[in-house]
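Descriptive structure summary
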Amino acid sequence: MNETNRAALAQVVFCRGCCCGREDRGFPAVPVEQLKAVWKAERLNSAVQLTISGCLGPCDRANVALILTPSGLEWYGDLGEPADFEAAIEWVRACRAANQLLPRPAEWESRRFVRFADESNEPACVVSRDDDWFPEPATAIRKG
Ligand code: FES
């Protein structure tokens, strides 16, 4: 399997699209410059990659953040207080110090939401975590 020189524990994506962070449209700010400055000054990308994105889709939950981990995607919404973003920074600092993924910020727990309509159903494709990226046909179970 191929690797990247930029392997991190996780990636956090803060949305700043057509709604998230758009104070002119009545949404709370996303402190993009502060986040970038902290990540850069403390070299936090080595632990958790920071990405600022355009619209991620679920604008009704603005402000939205997405955390990508080896275990999957985690969606969070309704982030607006400065404490929400401080909690994210503290979480990343703690992950880096521990050199492992730690439980997500407690402040975020109640903000997690289901993004995709099929998430409550059986997965469309089940692949053993020990398999390579491209599984053998016998290890993939297609729904339907
Ligand atoms: S603008 Fe953030 S989800 Fe659409």
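What counts as what
- Residues numbered from 1 in each chain as written.
- Predicted model: local features only at pLDDT ≥ 70, side-chain atom pairs only at ≥ 80, totals over all residues.
- Helix = DSSP H or I, 4+ residues; strand = E, 2+ residues; numbered from the N terminus.
- Contact = placed C-beta atoms within 7 Å.
- Buried ≥ 20, exposed ≤ 12 C-beta atoms within 10 Å, placed from the backbone.
- Core = buried A, V, L, I, M, F, W, Y, C linked by C-beta atoms within 7 Å.

Some points on the environment of W75
Within the fold, W75 resides in strand β4 (residues 72-76). When the C-alpha atoms of W75 and R111 are compared, they prove to be 8.3 Å apart, with 36 residues separating the residues in sequence. Other than its neighbours up to four places away in sequence, W75 contacts V64, L66, R112, F113 and R115.

Examining the environment of A65
Structurally, the position occupied by A65 is in strand β3 (residues 65-69). On the basis of neighbour count, A65 is assigned to the buried category, with 23 C-beta atoms found within 10 Å. Distance in space between the C-alpha atoms of A65 and C15 is 5.9 Å, their sequence separation being 50 residues.

Some details on the nonpolar core
Within the largest apolar cluster, 26 residues are counted, with the highest numbers of intra-cluster contacts made by V12, V48, V64, A65 and V92. Of all the secondary structure elements, the ones that give two or more residues to this core are β1 (10-15), β2 (48-53), β3, β4 and α2 (82-98). At five residues, the largest contribution of residues to this core is made by α2. Residues in contact with A65, not counting those within four places in the same chain, are V12, V13, F14, C15, Y76 and L79.

Function cannot be read off these values alone, since they describe shape.
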